[in-house]
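# Summary of the model geometry
Each chain, written out:
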Amino acid sequence: MAIDPSLTTSWLDEFPARIAELDRTHLRRRRRVVLPESGARLRVDGQSMLAFCSNDYLGLANHPALIEAACMGARSFGVGATASPLVSGHSAANDALEHALASFVGLPRALYFYAGYATNIGIIPALVGSGDAIFSDTLNHACLIDGARLSRAQIHRYAHADLAALEAALAQSPAQRKLVISDTVFSMDGDLADVPALLALCERHDALLLLDDAHGFGVLGPQGRGCLSHFSLTGARASPRVLYMTTLGKAAGVAGAFVAGSDALVEWLLQKTRSYIYATAAPALLASALRASLQLIEHDEWRREHLRQLIKRLRQGLATGLRGSSWRLGPSRTPIQPLLIGRNDEALAVMEGLRERGLWVPAIRPPTVPEGTARLRIALSAAHTEADIDQLVQALSELAAAC
Ligand SMILES: *Cc1c(COP(=O)(O)O)cnc(C)c1O
């Protein structure tokens, strides 16, 4: 909505109208107040709901072993880290966690951060700057995009997963330092990047590859070791031109993030990442919980197997249930199953229809996803049961038939 400047005395007076515009275009976001219940259930504004919106893919966020480890960590280390890791905030627990994380993903060294968003917005400007070039998939997560902007490097966006376009852009760029950035599992579509092909292009064009495995860590690869293990690119086959990052707030069920790679790259990031240097370290109690989480990720293969069964059940159920509907399930084999609806108001109406049936599936709208591709982002978790999936399939089939 255009706002006539003569009608406002201060730009601060514009905010009510700007918020009303968000309402009018169905883009206003609302938070719900939640409390965990058992399994994948949440109490939402007082009502018990079956949730398909958490990224707790392995169902670890409320695991007793993690809760106990966090309590033990608090008893040993206190609650607050009290300082930046470069001053006095780097606790023995955080140090031990970094070693465990590096070894878990099969890379030489890891650096543990308090959040994934802060990791990406900090490490990209530490790697490249003015005169350098970044190559970014159009569906990359917001924090990769924001990190690229903060760096002041030239940004080349290539169409989603279009490796020919990426190759052409790499070949044309005169920049001496080239950085390719990509999600591994795309967060709103659930599809998987062709990591070996990305790496081959980076090798050919002397580029560095930064991978964001927020939705792959714990889920992909043997023992959930992430996308590099999935593609056998760890240990002796690890490439010095790969930087691997992931959050620890999703499948790991806790909070924080880490970046891993060669000793020289990680040392450089430790020296130059402003969001690391000028922020208080993550509390050690989280590192304690994360050590417990790593044990379960590694040893509870049944969680990933159960998840695979649930994904299969959902896809088979909806293939039948949505026959004749214009809604389309994206081609994803991961726990992120996007149901493409199209219009913002229709996606919101379906979300509302599910809510009335006690099911919580978030509608995702632009600008998070491209215009005209509003969708339900169904996130599955090992905390779900087969009956939970059947209930969702049944509800969506009824709503599609009524549409
Ligand atoms: C969630 C997410 C992040 C941010 O991680 P936080 O630890 O939640 O800050 C980064 N990248 C991707 C792809 C994500 O989905």
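Calculation criteria
- Residues numbered from 1 in each chain as written.
- Predicted model: local features only at pLDDT ≥ 70, side-chain atom pairs only at ≥ 80, totals over all residues.
- Heavy atoms only, no water.
- Domains from an automatic or database assignment.
- Contact = heavy atoms within 4.5 Å.
- Buried area = accessible area lost by both parts, 1.4 Å probe.
- Salt bridge = Lys/Arg side-chain N within 4 Å of Asp/Glu carboxyl O.
- Helix = DSSP H or I, 4+ residues; strand = E, 2+ residues; numbered from the N terminus.
- Buried < 20%, exposed > 50% of the residue type's maximum accessible area, 1.4 Å probe, protein only.
- Polar contact = N/O pair within 3.5 Å; in protein donor to acceptor, adjacent residues only side chain to side chain.
- Pairing = 2+ DSSP bridges.
- Near = heavy atom within 4 Å.
- Areas by Shrake-Rupley, 256 points an atom, 1.4 Å probe, with all protein chains shown as cover.
- Expected span 1.5 Å × (residues − 1).
- Arc of directions from axis to C-beta.
- Axes fitted to C-alpha atoms, helices over the stretch in contact; angles between N-to-C directions.

## Notes on the domain arrangement of the protein chain
Under the domain assignment used here, the protein chain contains domain 1 (29-58 + 301-402) and domain 2 (64-299). One C-alpha centre belongs to domain 1, the other to domain 2, and the line joining them spans 27 Å. At the interface, 18 residues of domain 1 touch 18 residues of domain 2. For the domain 1 face of the interface with domain 2, the top three residues by lost area are Y57, L58 and R304, together amounting to 30%.

## Some remarks on the pattern of salt bridges
In this structure the tally under the stated criterion is 23 salt bridges. Across the pair D146 and R149 runs a salt bridge whose closest N-O atoms are separated by 3.7 Å. Of this pair, D146 and R149 both sit in helix α6 (residues 142-151), three residues apart, which is roughly one turn of the helix. With relative accessibility at 22%, the residue D146 sits in the partly exposed group. A salt bridge links D189 to R375; its shortest N-O distance comes to 3.2 Å. Within this pair, whereas D189 is found in the loop between β7 (178-183) and α8 (195-204), its partner R375 is found in strand β15 (residues 374-379), the two being separated by 186 residues in sequence.

## Points about the side chain of S275
Tracing the backbone through its elements, the reader meets S275 in helix α11 (residues 274-277). Judged by its relative accessible area of 13%, S275 is buried. From its side chain, S275 meets the backbone oxygen of A118 in a polar contact 2.6 Å long. With sequence-adjacent residues up to four places away left out, S275 is seen in contact with F113, Y114, A118 and G122.

## Examining the pairing of strand β12 (residues 336-342)
Within β12, seven of the seven residues are buried, which leaves it mostly tucked inside the rest of the structure. Because side chains alternate across β12, one face comprises the buried residues I336, P338, L340 and G342, and the other comprises Q337, L339 and I341, equally buried. Where strand β11 (residues 328-329) meets β12, two bridges bridge the pair, whose relative direction is antiparallel. Bridging across to β12, R328 finds its partner in L340. Bridge analysis of β12 against β15 gives six bridges, and the strand direction is antiparallel. When the sheet's bridge partners are listed, Q337 is paired in β15 with I378.

## A closer look at the site of the ligand
Around the ligand, the surrounding shell consists of A115, G116, Y117, H141, C143, D183, D212, A214, H215, T247, K250 and G256. A distance of 2.5 Å is found between a nitrogen atom of the ligand and a side-chain nitrogen or oxygen belonging to D212. In the environment of the ligand, an oxygen atom lies 2.6 Å from a nitrogen or oxygen atom belonging to the side chain of K250. Here the ligand loses 82% of its free accessible area of 380 Å² to cover by the protein chains.

## What to know about helix α13 (residues 301-321)
Counted at 1.5 Å a residue, the expected span for α13 with its 21 residues is 30 Å, and the 30 Å between its end C-alpha atoms agrees. When we look at burial in α13, the residues that qualify are R303, R304, L307, L310, I311, L314 and L318. Along the axis of α13, the buried positions cluster into a sector of 115°, meaning they face one direction only. Elements in contact with the buried residues of α13: α12 (284-299), β11, β12, β15 and α15 (386-402).

## Side note on the sheet that holds strand β3 (residues 47-51)
Here four strands make up an open sheet; going across it, the order is β1-β2-β3-β13 and the pairing mixed. Here the strands that pair on one side only, and so sit at the sheet edges, are β1 (34-36) and β13 (359-360). Pairing between strand β2 (residues 41-44) and β3: four bridges, direction antiparallel. Within β3, the position partnered with L42 by the bridge is M49.

## A short note on the sheet that holds β12
Taken in spatial order, the four strands line up as β11-β12-β15-β14 in an open sheet, and their pairing is antiparallel. Because the sheet does not close on itself, it has two edges, and the strands there are β11 and β14 (363-364). Sheet contacts for helix α14 (residues 344-356): β12, β14 and β15; angle to β15, the most-contacted strand, approximately 35°.

## Topic: unusual backbone geometry
Of note, the amide linkage connecting P366 to P367 takes the cis form, showing an omega dihedral of 10°. On the secondary structure map, P367 appears in the loop between β14 and β15. With phi around 70°, R152 is a residue other than glycine that occupies positive phi space. By secondary structure assignment, the location of R152 is in the loop between α6 and β6 (154-158). In the Ramachandran plot, S232 falls in the positive-phi region, its phi being about 55° despite a non-glycine side chain. One can find S232 in the loop between α9 (227-230) and β9 (242-247). You can call S232 partly exposed: its relative accessible area is 40%.

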